[in-house]
Amino acid sequence: VARVRAMFYLDSDPLIVANALERDPAIRKIARKHPGIRIASGWDAFECAMVTILGQLVSVERGRSLVSSLVQNLGEPLGGVRLFPTPQAIANSDLKFLKTTGVRKETLRGFCLALLDGSLSLDPEQDVDTFTEKLLSLRGIGPWSASYMALKVLRHTDAFPGTDLILARALKIHPPQKVALVSPWRGYAASLLWREYADKLTKKRGS
């Protein structure tokens, strides 16, 4: 039950979040279009981290394909399905089956090794800035991945992946100083902007 509640941020107070999102008129307008917005995370912090790395600079469909390949090749079977691979399984694999770049494979292994030797933790109670610094020290992890993991892995409510393609375009409409008004709930603002602009700005860029 605790994991389900954490996955959907059910322990956050929707009234407090809603009041924060009311501070900027433009964000308030979007929030009223999408009431009850949540920051969806994942069932397991490690799985979220691996999905983030595999989703870097690729389409959603391609990212899902890579995750599926990782599970099918390294996940332990359980009934008719396979569990998500452990850090040990990924760190000990050459990942030759994974159709991605050599750098990304090194990033996956490096992340897992950092977890195994204790130099990196996925504890949600840790200092977010320290977590981000440690991530950025790993080869292949940049600002987007670090801030996205702070949001999705640590479930830090004020994380805002501003270098994300859609959010970067949305910031031209909603300047950073306006988004800052909703702190410490900027993660919810990010969810709103993704919800509002993902299709609009993608289509606009492609036209």
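Quick caveat, the model's predicted, so the values are computed rather than measured.

### Section: the pattern of salt bridges
Any two side chains of opposite charge can pair if their charged atoms end up close together. Under the criterion given, the structure shown has seven salt bridges. One salt bridge in this structure joins Arg28 and Glu22, with 3.3 Å as the shortest N-O distance. Judged by relative accessible area, which is 27%, Arg28 ranks as partly exposed. The exposure class assigned to Glu22 is partly exposed, which follows from its relative accessible area of 28%. Residues Arg186 and Asp158 are paired through a salt bridge, measuring 3.2 Å at the closest nitrogen-oxygen approach.

### Some details on helix H2 (residues 14–21)
Since the α-helix turns once every 3.6 residues, residues separated by three or four places project in the same direction. Within H2, burial applies to Val17, Ala20 and Leu21. Projected onto a plane normal to the axis of H2, the buried residues spread over an arc of 95 degrees and lie on a single side. The distance from a side-chain oxygen at the start of H2 to the backbone nitrogen of Leu15 is 2.9 Å, and the residue carrying that oxygen is Asp13.

### Details of the layout of surface pockets
There is about 1,200 Å³ of room inside the largest pocket. Lining the largest pocket are 32 residues, with Gly55, Val60, Trp144, Tyr148 and Asp164 sitting closest to its centre. Elements represented by at least two residues in the lining of the largest pocket include exactly helix H4 (45–54), helix H5 (60–74), helix H9 (143–152), helix H10 (165–170) and helix H12 (186–206). Along the wall of the second largest pocket there are 14 residues; nearest its centre are Pro14, Ala18, Leu21, Gly36 and Ile37. Every element with two or more residues in the lining of the second largest pocket is listed here: H2 and helix H3 (25–33).

### Some remarks on the nonpolar core
Among the nonpolar cores identified, the biggest contains 60 residues, and Leu21, Phe46, Met50, Ile90, Phe111, Leu135 and Met149 are the most heavily contacted of them. Beyond its immediate chain neighbours, meaning those up to four positions away, Leu21 contacts Ile27, Arg28, Ala31, Ile37, Val182, Tyr188, Ala189 and Leu192.

### Here we look at the packing of aromatic side chains
Inspection of every chain in the model, using the stated rule, returns four aromatic pairs. Judged by centre distance (6.0 Å) and plane angle (80 degrees), the ring pair of Phe46 and Phe84 falls under edge-to-face. Within this pair, whereas Phe46 is found in helix H4, its partner Phe84 is found in the loop between strand E2 (81–82) and helix H6 (87–91), the two being separated by 38 residues in sequence. For the pair formed by Phe46 and Phe84, the shared burial category is buried. Between the aromatic rings of Trp185 and Tyr188, the centroid separation amounts to 5.8 Å while the plane-to-plane angle is 70 degrees, which identifies the pairing as edge-to-face. Three or more aromatic residues joined by ring pairs form one cluster here, namely Trp144, Tyr148 and Trp194.

### A short note on the confidence of the model for the protein
Of the residues in the protein, 97% reach a pLDDT of 70 or more, and the chain-wide mean stands at 91. By mean pLDDT, H12 is the weakest element of the protein at 81, and H6 is the strongest at 97.

### Topic: the side chain of Ser12
Looking at the secondary structure, you find Ser12 in the loop between helix H1 (2–7) and H2. For Ser12, a relative accessible area of 15% puts it in the buried group. One polar contact links Ser12 to Arg38, side chain to side chain, over a distance of 2.8 Å. Looking at Ser12, its side chain comes within polar contact range of the side chain of Tyr188, at 2.9 Å. The contact partners of Ser12, leaving out residues within four places of it in the chain, are Arg38 and Tyr188.

Cut-off values and rules
Residues numbered from 1 in each chain as written. Predicted model: local features only at pLDDT ≥ 70, side-chain atom pairs only at ≥ 80, totals over all residues. Heavy atoms only, no water. Salt bridge = Lys/Arg side-chain N within 4 Å of Asp/Glu carboxyl O. Buried < 20%, exposed > 50% of the residue type's maximum accessible area, 1.4 Å probe, protein only. Helix = DSSP H or I, 4+ residues; strand = E, 2+ residues; numbered from the N terminus. Arc of directions from axis to C-beta. Polar contact = N/O pair within 3.5 Å; in protein donor to acceptor, adjacent residues only side chain to side chain. 1 Å grid on protein atoms, 1.4 Å probe; cavity = no way out; pocket = protein on both sides within 12 Å on 5 of 7 lines; lining within 4 Å. Points joined across faces, edges and corners; volume = space filled by probe spheres on them. Core = buried A, V, L, I, M, F, W, Y, C linked by side-chain atoms within 4.5 Å. Contact = heavy atoms within 4.5 Å. Phe/Tyr/Trp six-rings, centres within 6.5 Å; stacked < 30°, edge-to-face > 60°. pLDDT = per-residue confidence, 0-100.

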